[in-house]
Amino acid sequence: MKIEVFDIPDEGLDIELEETPKIEGIKITKSFKAILRIEKKGAEVFVKGIVSGEVELQCSRCLKEYTMPIKTLVEVTYHPIEELSKEELVELKKDEMDVDFYREGIIDTEDIIRDQILLNIPMKPLCSEDCKGLCPICGTDLNEFKCGCVVKEIDPRMAVLQSLLRRMKKNG
Ligand SMILES: [Zn+2]
Ligand SMILES: [Zn+2]
C-alpha cells in the first residue's frame, strides 16, 4: 500500500493491511499483517505498530527448511530524502536508530514490512537451539541418525598448551 504523505490527515491515520513483499531468498509462508498508526509533523512522518507473519528459513546446521513466525514492533521516523543535505543524512543515521527516508512524497508499506522481516531474520538460522547438525565427515543428519564417525575436536588453545608441555619435558 502506498501512502501519500500529503494525504495523511492532521489527526493521523490508522491502517490495517496484509502484504507479501518479495524478498530474494526468503519464502513467506504466511502473508504479513500490519497494524499501523501513522502521524505527520511537518515533513516528518511517524509510523508505529505491529507487523506479524511467517517465513520459511533454512537451518544453518542441518540445512532443513523450517518456518519461523515473526511478530515485531515497528517504530520508524521518516524524513523526505529530497529535502535533506548529505550532512543531515549522515547526522540522522548516526543519531537515530529507526530512521528511514521517503521519496517523492510516498511511503510504501511494503518497504516497511520488508525491512522488518529482514531485521528479524537471524544471521545463522537454526531449526532449534540444540540442532545437532550434519556430521562433518559423512553428512548424516545427526538429529535423526547416529553415525560411527569419530570427530576429533581439539581446542586450538589446548593444542598450544600441549606442545608447550611436550617441549618443556624434552628440555628438562
Ligand atoms: Zn537444524
Ligand atoms: Zn558421520
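Rules of the game
- Residue numbers here run from 1 along each chain, matching the order of that chain's written sequence.
- Naming scheme: in the order in which they are written, chains are lettered from A and ligands are numbered from 1.
- Local features in this predicted model are restricted to residues whose pLDDT is 70 or higher, and side-chain atom pairs enter the listing and the counts only when it is 80 or higher, whereas totals over whole chains, interfaces and linings include all residues.
- With hydrogens and water set aside, each side-chain value is computed from the structure's full complement of heavy atoms.
- By convention here, the domain bounds are inherited from an automatic or database domain assignment.
- Between two residues, a contact is recorded if the distance between any of their heavy atoms is within 4.5 Å.
- Buried area: the accessible surface (1.4 Å probe) lost by two parts on joining, summed over both.
- Every case where a carboxyl oxygen of Asp or Glu lies within 4 Å of a side-chain nitrogen of Lys or Arg is listed as a salt bridge.
- Starting at the N terminus, helices and strands are each numbered in turn, a helix being any DSSP run of H or I of at least four residues and a strand any DSSP run of E of at least two.
- For every residue, the accessible area obtained with a 1.4 Å probe (protein chains only) is divided by the maximum for its type, and the residue is called buried under 20%, exposed over 50%, and partly exposed between those limits.
- Distances decide who is a donor: an N, O or S atom must be within 2.8 Å of the metal, or within 3.2 Å for Na, K and Ca. Water is not included, so sites may look incomplete.
- Square planar and octahedral sites, with four and six donors, are those where opposite donors lie more than 155 degrees apart and all other angles lie between 65 and 115, tetrahedral sites have four donors with every angle between 85 and 135 degrees, and the rest are irregular.
- What makes two strands pair is DSSP finding at least two bridges between them.
- To get an axis, fit a line to the C-alpha atoms, keeping to the stretch in contact for a helix; angles then go from 0 to 180 degrees between the N-to-C directions.
- Without a salt bridge and with relative accessible area above 30%, a residue can belong to a patch; like charges are then joined within 9 Å and nonpolar side chains (Val, Leu, Ile, Met, Phe, Trp, Tyr) within 5 Å.
- To be clear on the numbers: accessible area is Shrake-Rupley with a 1.4 Å probe, and residue cover counts the displayed protein chains and nothing else.

Interfaces are frequently sized by the accessible area removed from exposure as the parts join. Considered domain by domain, the chain is made up of domain 1 (2–120) and domain 2 (132–172). Centre-to-centre separation of domain 1 and domain 2, based on C-alpha positions: 45 Å. Taken together, the contact pairs four residues of domain 1 with five residues of domain 2. With both sides pooled, the region where domain 1 packs onto domain 2 buries about 340 Å², and carbon together with sulfur makes up 55% of that total. The interface formed by domain 1 and domain 2 contains two salt bridges. A salt bridge links Asp 141 to Lys 64, with the nearest nitrogen and oxygen atoms 3.1 Å apart.

Structurally, the position occupied by Cys 147 is in the loop between helix H2 (109–120) and helix H3 (156–171). By relative accessible area, Cys 147 is classed as partly exposed at 26%.

In this section: the coordination of the zinc ion (ligand 2). At this site the zinc ion (ligand 2) is bound by Cys 135 (SG), Cys 138 (SG), Cys 147 (SG) and Cys 149 (SG), with donor distances of 2.2 to 2.4 Å. Coordination at the zinc ion (ligand 2) comes from four donor atoms whose angles at the metal span 106 to 113°, giving a geometry best classed as tetrahedral. For the zinc ion (ligand 2), the donor residues sit on a single chain with the sequence spacing C-x2-C-x8-C-x1-C. Placement of the pair is Cys 135 in the loop between H2 and H3 and Cys 149 in the loop between H2 and H3, with a sequence separation of 14 residues.

All right, on to the sheet that holds strand E3 (residues 27–41) then. Taken in spatial order, the five strands make up an open sheet running E2-E3-E4-E5-E6, and their pairing is mixed. The outermost strands of the open sheet, each flanked by one partner alone, are strand E2 (13–19) and strand E6 (99–102). Here the average twist between neighbouring strands, direction ignored, is 30°. With seven bridges joining them, E2 and E3 adopt antiparallel strand pairing. Looking at the pairing, Glu 18 lines up with Lys 33 of E3. Sitting on the sheet, H2 is in contact with E2, E3, strand E4 (44–58), strand E5 (65–80) and E6, with an inclination near 125° to E5.

With that settled, the discussion passes to the environment of Arg 157. Here Arg 157 is to be found in helix H3. Placed 13 residues apart in sequence, Arg 157 and Glu 144 show a C-alpha to C-alpha distance of 32 Å.

Our focus in this paragraph is the coordination of the zinc ion (ligand 1). Ligation of the zinc ion (ligand 1) by protein atoms is provided by Cys 59 (SG), Cys 62 (SG), Cys 127 (SG) and Cys 131 (SG), these donors lying 2.3 to 2.4 Å from the ion. Coordination at the zinc ion (ligand 1) comes from four donor atoms whose angles at the metal span 106 to 112°, giving a geometry best classed as tetrahedral. Between consecutive donor residues of the zinc ion (ligand 1), the sequence gaps follow C-x2-C-x64-C-x3-C. For Cys 127, a relative accessible area of 33% corresponds to the partly exposed category.

Before going further, it helps to spend a moment on a nonpolar patch on the surface. Taken together, Met 158, Leu 161, Leu 164, Leu 165 and Met 168 make up a surface patch of nonpolar side chains, about 480 Å² in accessible area. Within the secondary structure layout, Leu 165 lies in helix H3. Relative accessible area serves as the criterion here: at 45%, Leu 165 is assigned to the partly exposed category.

With that settled, the discussion passes to the pattern of salt bridges. Side chains carrying opposite charge are able to pair once their charged atoms draw close together. Enumeration over the complete set of coordinates arrives at ten salt bridges. Residue Arg 37 pairs with Glu 39 through a salt bridge whose shortest N-O separation is 2.9 Å. Taking relative accessible area as the criterion, Arg 37 reaches 27% and is therefore assigned partly exposed. Salt bridges linked by common partners bring Asp 14, Arg 37 and Glu 39 together as one network.

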